[in-house]
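# Analysis of the macromolecular model
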Amino acid sequence: MNLELKTTYGFTLLEVIAVLIIIGLLAAVAVSRMGSGQGELAKATGSLKSHLHFAQGIAMNSNRSWGISSTGSSYWLFSGDKDNKELLPGEEDKTITLSDPVSTGSFTVCFDEWGSPHDSVPPDNDTKIKNDMTITVNAGSDSDTIIITKETGFIP
């Protein structure tokens with residue numbers, strides 16, 4: 001009796017179908033997340049956070065207060081006075097308009113020469129924020145938060 005072991009190479013039909021189903025599910029999840037504005041939300045949150053860091057950094061290197069103010073659909077960098085708009089690095093306009101459906105609540109944060117956040121302009125010792133400041137960035141039903149730590153102005 002001659003028994004030969006047969007070796008086969010390749011995938012079975014069942015394995016190929018299982019892999020295609022998994023790839024289809026992953027693609028469906030990716031498309032649904034991109035369609036809900038999460039990409040725009042992440043971009044807007046990152047930009048705003050970067051601009052807040054810039055305002056804080058420039059305030060610590062100058063003899064003026066600097067800050068960011070928002071109306072909800074747009075925001076801008078200011079120096080000294082909230083109406084004294086300044087150009088942010090890499091931007092062509094002094095006012096940053098958020099693309100639909102992204103928005104924030106209205107807020108103003110001003111940094112002093114120590115980088116401490118204040119809720120009024122110009123800042124003084126009585127206007128330091130008493131609690132951590134939370135800025136919510138919304139895009140449709142999704143949202144992201146930026147936290148400015150009281151006293152230190154740390155923005156994680």
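My aim in this report is to walk through the structure given alongside it, one point at a time. (Residues numbered from 1 in each chain as written. Predicted model: local features only at pLDDT ≥ 70, side-chain atom pairs only at ≥ 80, totals over all residues. Heavy atoms only, no water.)

## A look at unusual backbone geometry
- Backbone torsion omega between Asp100 and Pro101 reads 15 degrees, so that peptide bond is classified as cis.
- By the secondary structure assignment, Pro101 is in the loop between β4 (95–97) and β5 (102–104).
- One non-glycine residue, Glu151, lies in positive phi territory at about 65 degrees.
- Locating Glu151 in the fold gives a position in the segment after β9 (142–148). (Helix = DSSP H or I, 4+ residues; strand = E, 2+ residues; numbered from the N terminus.)

## Focus on the sheet that holds β9
- The antiparallel open sheet is built from three strands, whose spatial order is β5-β8-β9. Strands with a single pairing partner mark the edges of an open sheet, and in this sheet they are β5 and β9. Strand-to-strand twist across the sheet, computed as the mean angle between neighbouring axes with direction ignored, equals 20 degrees.
- Alignment of β5 against strand β8 (residues 133–139), held across three bridges, turns out to be antiparallel. Residue Thr104 lies in a different strand from β8, and its bridge partner there is Val137.
- With respect to the sheet, helix α2 (residues 38–60) is in contact with β5, β8 and β9, its orientation differing from that of β9 by roughly 15 degrees. (Pairing = 2+ DSSP bridges. Axes fitted to C-alpha atoms, helices over the stretch in contact; angles between N-to-C directions. Contact = heavy atoms within 4.5 Å.)

## Re the layout of surface pockets
- Estimates place the volume of the largest pocket at around 170 Å³.
- Of all the elements in the fold, those that place two or more residues in the lining of the largest pocket are α2 and β4.
- The greatest single-element share of the lining of the largest pocket, amounting to five residues, is contributed by α2.
- In terms of residue class, the lining of the largest pocket is built from five nonpolar, four polar and three charged. (1 Å grid on protein atoms, 1.4 Å probe; cavity = no way out; pocket = protein on both sides within 12 Å on 5 of 7 lines; lining within 4 Å. Points joined across faces, edges and corners; volume = space filled by probe spheres on them. Nonpolar A, V, L, I, M, F, W, Y, C, P; charged D, E, K, R; others polar.)

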